Amino acid sequence: MKQAQEFEINYFQDEDGMFNAAVPAIRGCVAWGKTLNECHRNAVDAIESCLKARGKISTTKLRKLPSPEDIRRRAGDAKAKAVALQAQRKGD
């Protein structure tokens, strides 16, 4: 069952006559349309899409970040490989 939520939608009309909508509670959630009704329908669709995307992001398992020791070890391994490769090229 869907939960009903209310969001403030700010409408304005640009110099070309297009209606634009912004949802302050959801950063980046915007919509537009040729008429105010079309803009409103698009804004509702945009809100639903933004919330769905946020839901997917929140359920995604975050990957474990490497520890500082792992980063230093990997950097050391890469440097050792680079030095070995340079020595091999000089020997050829």
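Everything numeric in this text was worked out from a predicted model, so none of it was measured.

Draft legend 1. Here's a closer look at the environment of Ala31. Structurally, Ala31 is set in strand 3 (residues 30-33). Along the chain, Ala31 and Val44 lie 13 residues apart, while their C-alpha atoms are 8.7 Å from each other. Not counting residues up to four positions away in its chain, the partners in contact with Ala31 are Phe19, Asn20, Ala21, Cys39, Asn42, Ala43 and Ala46.

Draft legend 2. Seen up close, the sheet that holds strand 1 (residues 10-13). Taken in spatial order, the three strands line up as 1-2-3 in an open sheet, and their pairing is antiparallel. At either margin of the open sheet sits one strand with a lone partner, and together these are strand 1 and strand 3. Going from strand to strand, the sheet's axes swing by 20° on average, the running direction of each strand aside. Examined bridge by bridge, strand 2 (residues 19-22) and strand 3 share four bridges and lie antiparallel to one another. Opposite Phe19, over in strand 3, you have Gly33 as the bridge partner.

Draft legend 3. Structural context of the nonpolar core. One finds Ile9, Phe19, Ala21, Val23, Ile26, Cys29, Ala31, Cys39, Ala43, Ala46 and Ile47 forming the largest nonpolar core, which totals 11 residues. Elements supplying a minimum of two residues to this core: strand 2 and helix 1 (36-59).

Reading the values: rules and limits
- What you see as residue numbers is a count from 1 along each chain, following the sequence as written.
- Only residues with pLDDT of 70 or above have their local features reported here, since the model is predicted, and side-chain atom pairs are shown and tallied only from 80 upward, although totals for entire chains, interfaces and linings are computed over all residues.
- In computing side-chain values, all of the structure's heavy atoms are included and hydrogens and water are not.
- The numbering of helices and of strands both runs from the N terminus, where a helix is a DSSP run of H or I of at least 4 residues and a strand a run of E of at least 2.
- Only heavy atoms enter the contact rule, under which two residues are in contact if any of them lie within 4.5 Å.
- Two strands are said to pair when DSSP picks up at least two bridges between them.
- Only C-alpha atoms enter the line fits that serve as axes; for helices the fit covers just the stretch in contact. Angles between N-to-C directions range over 0 to 180 degrees.
- To define a nonpolar core, start from buried Ala, Val, Leu, Ile, Met, Phe, Trp, Tyr and Cys residues and group those joined through side-chain atoms within 4.5 Å.
- Each residue is assigned to one of three classes by its accessible area relative to the maximum for its type, calculated with a 1.4 Å probe on protein chains only: buried under 20%, partly exposed between the two thresholds, exposed over 50%.

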